Protein chains: 2
Amino acid sequence: MAELVEIAAADDPRLADYRDLRDVQLRKHLEAEHGLFLAEGAKVVRRAIEGGFPVRSFLMAPRWLDGLADVLATTDAPCYVVSEALAEEVTGFHVHRGALASLVRRPLPSVADVLDGARSVVVLEEIVDHTNVGAIFRSAAALGFDAALLAPRCADPLYRRSVKVAMGAVFSLPWTRLTEWRDALPALSAAGFTTVALTLADDSAPIEEAVAGLDKVALVLGSEGHGLSARWEQAADRRAIIPMAAEIDSLNVAAASAVACYVTARR
Amino acid sequence: MAELVEIAAADDPRLADYRDLRDVQLRKHLEAEHGLFLAEGAKVVRRAIEGGFPVRSFLMAPRWLDGLADVLATTDAPCYVVSEALAEEVTGFHVHRGALASLVRRPLPSVADVLDGARSVVVLEEIVDHTNVGAIFRSAAALGFDAALLAPRCADPLYRRSVKVAMGAVFSLPWTRLTEWRDALPALSAAGFTTVALTLADDSAPIEEAVAGLDKVALVLGSEGHGLSARWEQAADRRAIIPMAAEIDSLNVAAASAVACYVTARR
């Protein structure tokens, strides 16, 4: 059973994991150095713990204790009980969903382990927005993808905002970081995957045609701004587009990835 | 040619249209009473004006003037030129994309006018998040939908955040507000549309089956939280789901609407 610890001072050092949650740069340093990440909201906290991540601590106002009682019963980690005003003062924003937990990151699995048995994987080259990373994880998991691979520059799926938007899919969908960018797609091809890059290249085929009849597929998504790198665009086995109306800006990356995952999963 | 007016005081009354852009309640009152809306970013400002909306004024730092010179040449509205620090002080946030414009709302067209000639329309019952409204407009326009209808409780497509996320699609996709909620779907059926509600109802069919072979389709989307109202769910001619993996939360409404629009547009 978690130990309930009432805290009344915003500068209490035990609250260090929860400071200034809107300061992305500060959080990146803090989370990397301490090997932690945050889950926000009772549902997401529950899923993180069900996903096997060890808890460092919880932080919540008294009214959230009952709803998480069964979760608190599973651990000896401290649960810091604070007023909502104090929570806001420490974190820097109004914590709508009430409960926070600080969890321990685990070593990432190998690419081979993540790909073992997978038939549909999504590969993110340089999605830099945490909301988009979370949205892609949620869609990929919901639409039946088996795994995600992230290039070195892709944003962190365990950053608070990614975790929240993914609604826990970052805990359930197997994923890891590619250690090597340059030849990552040929390596996937060598592993038996047809790499299909979503891009506006001249030789792109409609996504339904591009994935028709394929066995193992790696769906490759670029960045929100400039899209895929030239290297990855050219290295992919196939290039695909989502057919769109004329004179319209492309879909945003979250919408495009949802459509592409849907079509690919139903190939 | 817009008149360039340098302003150095944050309390200058000519900047009233641009105050406190993060204060949603204040902005709703201000925009409704003055019949205005804001466009943010050079690209979106340009599209609003190309869409025929009259300009009340512009607000921008000097470095954005050149890029919008051709747009400024088309109007006699004042362009308030301010430092970036002053823009931030007035609006309440850092204006990343530099240029803002305050534009005049136009009377909404009739439902009949919006439906005239349309084959695929999206109907939003109670999407309350401006980001989601904007995302749905963008996806619907990109994927070939002809129009959007909004129930009385749906969030405002011309709110700054909706406009920004839609990347201008709120100007190009014909839309209007339904004045009547209760019998809106039967009225659409009477107008020759098959109403297809996206919902997790027991009798929902996979979306591809639900729309196969239909002529005019009205794709009906509920709210982010509790989904469609019981009345609309039951009043729809058909109920449809996007097939999903077991034990996974549903797709978010922006992802689900992108997939549903894609499938419906290709029926």
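Reading guide: rules and limits
- Residues numbered from 1 in each chain as written.
- Chains lettered and ligands numbered in written order.
- Predicted model: local features only at pLDDT ≥ 70, side-chain atom pairs only at ≥ 80, totals over all residues.
- Heavy atoms only, no water.
- Helix = DSSP H or I, 4+ residues; strand = E, 2+ residues; numbered from the N terminus.
- Salt bridge = Lys/Arg side-chain N within 4 Å of Asp/Glu carboxyl O.
- Buried < 20%, exposed > 50% of the residue type's maximum accessible area, 1.4 Å probe, protein only.
- Contact = heavy atoms within 4.5 Å.
- Buried area = accessible area lost by both parts, 1.4 Å probe.
- Polar contact = N/O pair within 3.5 Å; in protein donor to acceptor, adjacent residues only side chain to side chain.
- Nonpolar A, V, L, I, M, F, W, Y, C, P; charged D, E, K, R; others polar.
- Least-squares fit on C-alpha atoms with pLDDT ≥ 70 in both.
- Pairing = 2+ DSSP bridges.
- Axes fitted to C-alpha atoms, helices over the stretch in contact; angles between N-to-C directions.
- UniProt positions renumbered as here; feature names shortened; annotations may be inferred.

1. Looking at unusual backbone geometry
Residue and element names in this part refer to chain A.
Okay, step 1: The backbone phi angle of Asp20 is positive, close to 50°, even though this residue is not glycine.
Okay, step 2: Position of Asp20 among the secondary structure elements: in the loop between β1 (3-6) and α1 (24-34).
Okay, step 3: Positive phi, normally seen in glycine, also occurs at Met167, with a value near 50°.
Okay, step 4: By secondary structure assignment, the location of Met167 is in the loop between α7 (160-166) and α8 (169-172).

2. Considering the pattern of salt bridges
Okay, step 1: Applying the stated rule across the entire model yields 26 salt bridges over all chains.
Okay, step 2: With a shortest N-O distance of 2.9 Å, Asp12(A) and Arg14(A) are connected by a salt bridge.
Okay, step 3: By relative accessible area, which is 13% here, Asp12(A) ends up buried.
Okay, step 4: On the basis of relative accessibility, which here comes to 42%, the residue Arg14(A) falls in the partly exposed class.
Okay, step 5: Of the charged contacts in the structure, one is a salt bridge between Asp156(B) and Arg105(B), with a shortest N-O distance of 2.7 Å. In this pair, Asp156(B) sits in the loop between β7 (147-150) and α7 (160-166) while Arg105(B) sits in the loop between β5 (100-104) and α5 (111-115), placing the two residues 51 residues apart along the sequence.
Okay, step 6: The exposure class of Arg105(B) is partly exposed, given its relative accessible area of 24%.

3. Considering the interface of chain B and chain A
For an interface, size is often stated in terms of accessible area lost upon the parts coming together.
Okay, step 1: Between chain B and chain A, the residue contacts involve 27 residues of the former and 27 residues of the latter.
Okay, step 2: Roughly 2300 Å² is buried in total at the junction of chain B and chain A, and carbon and sulfur atoms are behind 57% of that figure.
Okay, step 3: With a closest N to O distance of 3.2 Å, Glu208(A) and Arg266(B) form a salt bridge.
Okay, step 4: Where chain B touches chain A, the interface holds 6 residue pairs in polar contact (both at pLDDT 80 or more).
Okay, step 5: Listed by contribution, the elements that provide at least two residues to the side of chain B that touches chain A are α2 (42-50), α6 (130-142), α10 (207-211) and α12 (253-265) of chain B.
Okay, step 6: Grouping the constituent residues of the side of chain B that touches chain A by class yields 16 nonpolar, 5 polar and 6 charged.

4. Examining the relation of the copies chain B and chain A
Relating one copy of the chain to the other takes a rotation about an axis and a shift parallel to that axis.
Okay, step 1: By a simple turn and slide, chain B fits onto chain A: the slide is 0.0 Å along the axis, the RMSD is 0.0 Å, and the turn is 180°. The symmetry that links the two subunits is that of a two-fold axis.
Okay, step 2: A shared interface surface links the copies, since 100% of the contact residues of chain B are contact residues in chain A too.

5. Looking at the sheet that holds strand β11 (residues 217-221) of chain B
The strands making up a sheet are joined through hydrogen bonds of the backbone, oriented either antiparallel or parallel.
Residues and elements named next belong to chain B.
Okay, step 1: Spatial strand order, β8-β7-β6-β11-β9-β12-β10: 7 strands in an open sheet with parallel pairing. Two strands bound the open sheet, and with one partner strand each, they are β8 (175-177) and β10 (205-206).
Okay, step 2: In the sheet, strand β9 (residues 194-198) pairs with strand β12 (residues 238-241) via 3 bridges, with the strands oriented parallel. What sits directly across from Val196, in β12, is Arg238.
Okay, step 3: Across the sheet, α6 lies against β6 (120-124), β7, β8 and β11, angled at about 170° from β6, the strand it touches most.

6. Side note on the UniProt feature "domain: MRM3-like substrate binding" (unreviewed entry) in chain A
Okay, step 1: The sites that carry the UniProt feature "domain: MRM3-like substrate binding" (unreviewed entry) are, in the present numbering, residues 21-91 of chain A.
Okay, step 2: Across residues 21-91 of chain A, the secondary structure splits into 45% helix and 21% strand, with the terminal C-alpha atoms separated by 5 Å.

7. Considerations on the environment of Asn252(B)
Residue and element names in this part refer to chain B.
Okay, step 1: Following the sequence through the fold, Asn252 ends up in the loop between β12 and α12.
Okay, step 2: Considered as a pair, Asn252 and Ser162 are 90 residues apart in the sequence and their alpha carbons are 17 Å apart.
Okay, step 3: A distance of 2.8 Å separates a polar atom in the side chain of Asn252 from the backbone nitrogen of Ala255.

8. Things to note about the sheet that holds strand β3 (residues 55-60) of chain A
Residue and element names in this part refer to chain A.
Okay, step 1: Reading across the sheet, the 5 strands line up as β1-β4-β3-β5-β2 and stay open at both edges, with mixed pairing between neighbours. On the outer flanks of this sheet lie β1 and β2 (36-40), each paired with one strand and no other. Strand-to-strand, the axes of this sheet are offset by a mean angle of 20°, without reference to chain direction.
Okay, step 2: Where β3 lies against strand β5 (residues 100-104), 4 bridges are found, and the strand directions are antiparallel. Directly across from Ser57, in β5, lies its bridge partner Ser102.
Okay, step 3: The sheet contacts of α1 involve β2 and β3, and relative to β2 the element is tilted by about 120°.

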